[in-house]
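Report on the structure
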Amino acid sequence: MDKYFMKLALNEAYKAYKIEEVPVGAVIVKDNRVIATGFNMKESLKDATAHAEMVAIKRASEVLNGWRLLGATMYVTIEPCPMCAGAIVNSRLDRLVIGAKDLKMGGCGSVLNITQNPNLNHRVEMKWGVLEDECSFIMKDFFKKLRNKR
């Protein structure tokens, strides 16, 4: 099931790509049912917090009518940044499935490890590398095209 839901997250990333946003997509699943999706919208909304993960968490909270996302899993194409990792911990997501690492801004183990920090009151079960090549490719392709435009 992890590959299936990560493909849905990749579909979200392609939505961002099409509108020239950094192509990151997120899907939140509870009881094997998608309850929320999101893609980066920082440029469109002119909002530094409009990351795919934050959009999906906000939508999931609306669907569940509460901020605790207990029993839910987030699928995200690229490792969440420290802000998003903090929101993942604060929303009490049980599980996080990541496509590819972010060696520059990763908040889940690559640069910082917020989601597994023993000093925090909640830790998130992690799985890495689901559809890693596809998740990495869309980012590389996006930034290659961006550089070629300049």
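Calculation rules
Residues numbered from 1 in each chain as written. Predicted model: local features only at pLDDT ≥ 70, side-chain atom pairs only at ≥ 80, totals over all residues. Heavy atoms only, no water. Core = buried A, V, L, I, M, F, W, Y, C linked by side-chain atoms within 4.5 Å. Buried < 20%, exposed > 50% of the residue type's maximum accessible area, 1.4 Å probe, protein only. Helix = DSSP H or I, 4+ residues; strand = E, 2+ residues; numbered from the N terminus. Contact = heavy atoms within 4.5 Å. Salt bridge = Lys/Arg side-chain N within 4 Å of Asp/Glu carboxyl O. Expected span 1.5 Å × (residues − 1). UniProt positions renumbered as here; feature names shortened; annotations may be inferred.

Section: the nonpolar core
For soluble globular proteins, the rule of thumb is that nonpolar side chains tend to be buried together. By size, the foremost hydrophobic cluster in this structure holds 42 residues, and its most contacted members are Met6, Ile28, Ile57, Met74, Tyr75, Leu93 and Leu96. Looking at this core, the elements with two or more residues in it are helix H1 (2–18), strand S1 (25–30), strand S2 (33–39), helix H3 (52–64), strand S3 (72–78), helix H4 (82–90), strand S4 (95–100) and helix H5 (132–149). With six residues, the single largest contributor to this core is H1. Apart from the residues within four sequence positions on either side, Met74 is in contact with Val27, Ile28, Glu53, Ile57, Ile88, Leu93, Arg95, Leu96 and Val97.

Some details on the pattern of salt bridges
Evaluated as defined, the whole model comprises five salt bridges. Here Glu12 makes a salt bridge to Lys15, at a shortest N to O gap of 2.8 Å. Of this pair, Glu12 and Lys15 both sit in helix H1, separated by three residues, roughly a single helical turn. Note on Lys15: relative accessible area 41%, which makes it partly exposed. Bridged by salt links that share partners, the residues Asp2, Arg95, Glu125 and Lys127 form one connected network.

Overview of H5
With 18 residues, H5 extends 26 Å between its outermost C-alpha atoms, agreeing within 8% with the 26 Å of an ideal straight helix rising 1.5 Å per residue. Those residues of H5 that sit buried are Cys135, Ser136, Ile138, Met139, Asp141 and Phe142. Buried residues belonging to H5 abut H1, S3 and S4.

Some thoughts on the UniProt feature "binding site: Zn(2+)" (unreviewed entry) in the protein
Residues annotated in UniProt with the feature "binding site: Zn(2+)" (unreviewed entry) correspond here to His51, Cys81 and Cys84. Spatially, the listed residues are clustered: although they cover 34 residues, their C-alpha atoms lie within 9.1 Å of one another. Structurally, His51 is set in the loop between helix H2 (42–45) and H3. The contact partners of His51, leaving out residues within four places of it in the chain, are Asn40, Lys42, Cys81, Met83 and Cys84. With a relative accessible area of 11%, Cys81 lands in the buried category. Setting aside residues no more than four positions away along its own chain, Cys81 makes contact with His51, Met105 and Gly107.

Re unusual backbone geometry
The phi dihedral of Asn32 is positive, around 60 degrees, even though this residue is not glycine. Its place among the elements puts Asn32 in the loop between S1 and S2. Positive phi, normally seen in glycine, also occurs at Leu131, with a value near 55 degrees. Tracing the backbone through its elements, the reader meets Leu131 in the loop between strand S5 (125–128) and H5. Take Leu131: its relative accessible area is 11%, and that puts it in the buried class.

Re the UniProt feature "domain: CMP/dCMP-type deaminase" (unreviewed entry) in the protein
Taken from the UniProt record, the annotation "domain: CMP/dCMP-type deaminase" (unreviewed entry) applies to residues 1–119. In residues 1–119, helix accounts for 36% and strand for 22%; the two terminal C-alpha atoms are 31 Å from one another.

A look at the side chain of Thr77
Mapping Thr77 onto the fold places it in strand S3. The exposure class assigned to Thr77 is buried, which follows from its relative accessible area of 0%. Ignoring sequence-local partners within four residues, the contact set of Thr77 consists of Met6, Ala9, Leu10, Ala13, Pro23, Val24, Gly25, Gly99, Ala100 and Cys135.

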